[in-house]
Amino acid sequence: MGRYFLRRLLQAVVVLWLLTLIVFAIARLSGNPVDLLLPQGAPPSQRVALVHQLGLDQPWPVQYVKFLGNALQGDFGQSVRFHTSAISLVLSHVPATFELAIAALLIAVVLGIPLGILAALFRGRAVDYGTTTVLTLGQAMPSFWLAILLILWLGVDLRWLPVGGRSGMDSLIMPAVTLSIVPLVTIARITRSSVSSVLPQDYVRTAEAKGLRRHTVLVRHVLRNGLIPVVTVTGIAMGQLLSGAVITEQIFTWPGVGWLTIQAIEARDYAVVQSVTLIVATIIVALNLLVDFLYFSLDPRIRESQAALA
Amino acid sequence: MKPPRLSPRPVAVALVAGAILAVPAASFGRDAGTRATANTVVVAQSVDPTTMDPQNQRETTTFNVLIHFYDPLVLRNTKNPKKFDGILATKWRSLSPTKTQFTLRKGVKYDDGSAFDAANVKYNIDRVLGKLPGQKTPPLINFQFTDFKGATVVNPTTVIIQTKSPDPLLLARLSSLLMIPTGSVTKDPNALAAKPNGTGPYTLVTWDRNNQVVMKAKPNYFRGAPRITNVIFKDMPDDASRLAALQAGSVDLISNLPPANVSQVNSSGQAAARSVPSARITSVWLNTLDTPQLKKPAVRQALNYAVDVNTIIKKVMNGYALRTATIVPPYFFGYSKSVKPFGYNPDKAKRLLKQAGFPNGFSMKMMVPAGRYLLGEQIAQAVSGYLGKVGVKMKVDIVDFGVFAKATQTRKIPASFFAGWGESFFSPIDEAQVAILCGTKGFSWYCNKSVDKLINSAATTINQAKQDATIVKMQRAILKDPPFIYLFAYKDIYGVSKRLNWTPRTDETIYMDEASLKG
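Conventions we followed
Residues numbered from 1 in each chain as written. Chains lettered and ligands numbered in written order. Predicted model: local features only at pLDDT ≥ 70, side-chain atom pairs only at ≥ 80, totals over all residues. Helix = DSSP H or I, 4+ residues; strand = E, 2+ residues; numbered from the N terminus. Rg over C-alpha atoms; globule rule 2.2 N^0.38 Å. Buried ≥ 20, exposed ≤ 12 C-beta atoms within 10 Å, placed from the backbone. Contact = placed C-beta atoms within 7 Å. Pairing = 2+ DSSP bridges. Axes fitted to C-alpha atoms, helices over the stretch in contact; angles between N-to-C directions. Nonpolar A, V, L, I, M, F, W, Y, C, P; charged D, E, K, R; others polar. Parallel < 35°, antiparallel > 145°, perpendicular 65-115°, else oblique. Core = buried A, V, L, I, M, F, W, Y, C linked by C-beta atoms within 7 Å. Expected span 1.5 Å × (residues − 1). Bend = angle between axes of the 7 residues up to and from the residue. Left-handed = near helix turned anticlockwise from the far one by under 90°.

A. Up close: the overall build of chain B. Per the secondary structure count, chain B includes 16 helices and 19 strands. In terms of C-alpha radius of gyration, chain B reaches 26 Å, essentially the compact-globule figure of 24 Å for 519 residues. In terms of overall dimensions, chain B has a C-alpha envelope of 90 × 85 × 45 Å along the principal axes. For chain B, the residues scored as buried account for 48% of the 519 residues in total. Sequence-distant contacts in chain B: of pairs separated by 6 or more residues, those separated by 24 or more amount to 68%.

This is the structure in structure tokens:
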């Protein structure tokens, strides 16, 4: 068991290290931030001085070793665009992204699961066709289009909700609804197919036959088995949402990680791009690690297979 | 086998309950709300300020915020951009072609109580030149001050600013230099970048990065308390969102309104579009040094005759642009009605191409940075279409701005590129020095020694009438031997709430100290 944990931990460290290499290289392949920081008419001497000041005149391996050394001590460098510590800049945007992600996921789960169950219960009938048609439309609709429609309808015409910004509970509604569509559709579809496959099972019919109340059968026997894949999908959706919703954040002027990332990429702000990627990657790697450890303790089959390997 | 029939009622109930509960349940801690209210004006810009250090930035959007916290010595007059109003300076006079003496306003203080005086001006000049003790590199704004030599304190209210050579753009340069308190660089550079400490009409309330800057008026501002008490600069990157916010009444002023949306704003009843000629001049740069066909002036003249610029202004820009004969619109120094633009004459273009040895035209490429200049891609396509009609097949390469910047910095450009030159000095001299003067290091792919002489002469002539005459001569020379396909000056379009009294400035600055609310 100890060896299993140690191996998974080492794998996680290797993944993160490889990631630092990839992010470092890709950021620099996109070009030099000084090209964008200075105007076209700036004298070459100022350009040379700025390149030197930012340490970009050093060979890549030297820059990488410095970056890695500082990063291990929690220093991800200064943002060249925002003139502040990159890590604190990214961390200051994390709460907004968390808030939006959790709100969107909550909408997706609270609406997606019942919709999926409803479609499964009425499989092959009008309710099922209606639900799946709406879900297909939702999946096909680009989020920026839905966002603009919501803004024009609820923000401009009815003036019920603010059109953008993070300025009160009401400002969360439209971005959260926009962002929830994709995970909602996924969760509803998975729920529908999973519950549909559980409904004809013998144990469900047995439960019905022994006289259990219908909703007891549904909750205890159908959903308990049918929702396992839904939990997995929800976890994946959470990871995706936490990495920042670029388009939604931009349209609704939501000051989250996604919007910051776009600005950083446009300005070739290496420090911020590296910080965002590594923070998000660390969160995802840590979540995966946690899930692995939980599986290990919950599922005897994994324990046995690991024991066999050992 | 049919599945058992289970009651859908609990599911339907859960669905409705979920819809009602989901959103409110998801809300937790957040910042204070902001809306356009009675004594608050909300301005929406496409980007957040990058810093609060006014000398370490070069973006108009950042300057627009910082001009409310910090003052310059002089500021361009709103109605006549060729004139300057004293802000921290009350008067100025030329002592010699390279020395100008400024008399400073008395009793002005920074937010922290420290005094503004001549020594403080010297501190600021030293900083932008990178001459402060222990200063390793100058701030970003340095590129505008490379011709400055230094400042000499005469007494607490008098300072002399010296340049290396006569500089007719001295006041224009100083209008972008916002004064910071003495010692602020060495004291705490991070504080300088994060929290303004200026003499300006407003003080910072909060700065929520990538969201908004909230400021409030100083009742004791030395030029009189601003009429608008609270100003919020909101960061709204998306064009459609800015427009929607204006129509919804949640913002009062938006910049960069696309020409196609003007009628939508005007018919909203909430706001109106206001436009002002811009100091950004568009042209197609021609690589006359490396492209064999473009080495001949006749070919470059032909390209100018081939493009119907007036129709492009009408159809692509919806009329929101101003035809320029060269790079000098009417509100720039050196403008003359006598300098006429190339007319649209495709027959003459064909004749000139034939005379130059290209009766069947030729092929060339034009690089355009994506999303950088208003409708830049469409303008480039239109130019390409017109050139095609005279046999010049122009392929338009739309590239990311980073790629464009790298290509121009490393001088690896194709035969041409489209760009808009923002000329905050209201004079063509700066653009001419960087983009027309012979050189292989700057932004110029052109060389004409006689044009160089005229540019150098204009750049060191202080007498305005003489300088204007020299610029006119330069314009005539670059019509005969054009470095560009000349197009037009943009017009800046703003969406302005009907409750706001505000006049757009030609220099793109949004300055709320000049605004008021109606009623």
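B. Representation of the pairing of strand S8 (residues 202-208) of chain B in the model. Sheet topology note: the S8(B)/strand S9 (residues 212-217) of chain B ladder contains six bridges and is antiparallel. In the sheet register, B:Leu204 faces S9(B), and the bridge partner there is B:Met215.

C. How the structure looks around the sheet that holds strand S5 (residues 99-104) of chain B. All names here are of chain B. The strand order across the open sheet built from four strands is S4-S5-S7-S6, with neighbouring strands paired in antiparallel fashion. Two strands bound the open sheet, and with one partner strand each, they are strand S4 (89-96) and strand S6 (148-155). Recorded for the sheet is a direction-independent mean angle of 20 degrees between the axes of neighbouring strands. Taken together, the five bridges between S5 and strand S7 (residues 158-163) define a ladder with antiparallel strand orientation. Its bridge partner being in S7, Phe102 is matched across the sheet by Val159. Helix-sheet contacts for helix H3 (residues 118-128) involve S5, S6 and S7, and the interaxial angle to S6 is about 170 degrees.

D. Seen up close, unusual backbone geometry. With phi around 55 degrees, A:Arg159 is a residue other than glycine that occupies positive phi space. Tracing the chain through its elements places A:Arg159 in the loop between helix H7 (143-157) and helix H8 (170-198). The backbone of B:Phe426 shows a phi angle near 55 degrees, a positive value even though the residue is not glycine. Following the sequence through the fold, B:Phe426 ends up in the loop between strand S16 (416-422) and helix H14 (429-435).

E. Spotlight on the interface of chain A and chain B. Across the boundary between the two partners, chain A contributes 70 residues, which contact 65 residues of chain B. Here the side of chain A that touches chain B takes 15 residues from helix H5 (residues 86-121) of chain A, the largest share from any one element. The class makeup of the residues in the side of chain A that touches chain B is 43 nonpolar, 18 polar and nine charged.

F. Just the packing of H7(A) against helix H7 (residues 239-248) of chain B, in detail. Closest axis-to-axis distance for the H7(A)/H7(B) pair is 10 Å, and the angle between their directions is 10 degrees. If you check the angle between H7(A) and H7(B), you find them roughly parallel. In this structure, H7(A) uses A:Ile148, A:Ile151, A:Leu152, A:Gly155 and A:Val156 to contact H7(B), whose residues at the interface are B:Ala240, B:Ser241, B:Ala244, B:Gln247 and B:Ala248. Grouping the amino acids of the contact of H7(A) with H7(B) by side-chain chemistry returns seven nonpolar, three polar and no charged.

G. Molecular detail of the nonpolar core. Counting 225 residues, the largest nonpolar core has A:Ala104 and B:Ala306 as the members making the most contacts within it. It is H5(A) that provides the largest number of residues to this core, a total of 22 residues. If sequence neighbours within four positions are ignored, B:Ala306 has contacts with B:Pro346, B:Ala349, B:Tyr386, B:Leu387, B:Lys389, B:Val390 and B:Val392.

H. Broad picture of H5(A). All names here are of chain A. Here H5 contains 36 residues, and its C-alpha end-to-end distance of 51 Å stays within 8% of the 52 Å for a straight helix at 1.5 Å per residue. Maximum bend of H5: about 30 degrees, positioned at Val94, with proline Pro95 one to four residues after it. Taken across its 36 residues, H5 has 28 buried, putting it largely inside the fold.

I. Seen up close, the environment of B:Lys314. Following the sequence through the fold, B:Lys314 ends up in helix H10 (residues 309-315). Separated by 79 residues in sequence, B:Lys314 and B:Lys393 have C-alpha atoms that sit 24 Å apart.

J. Representation of the packing of H5(A) against helix H6 (residues 126-140) of chain A. Residues and elements named next belong to chain A. Relative orientation of the contacting elements H5 and H6 amounts to 140 degrees, with a least axis distance of 7 Å. Accordingly, the angle class assigned to the pair H5 and H6 is oblique. H5 and H6 meet at a crossing whose hand is left-handed. Residues Leu115, Leu118 and Ala119 of H5 lie in contact with H6, whose contacting residues are Val127, Asp128, Thr131 and Thr132. Here the contact of H5 with H6 is composed, by residue class, of four nonpolar, two polar and one charged.

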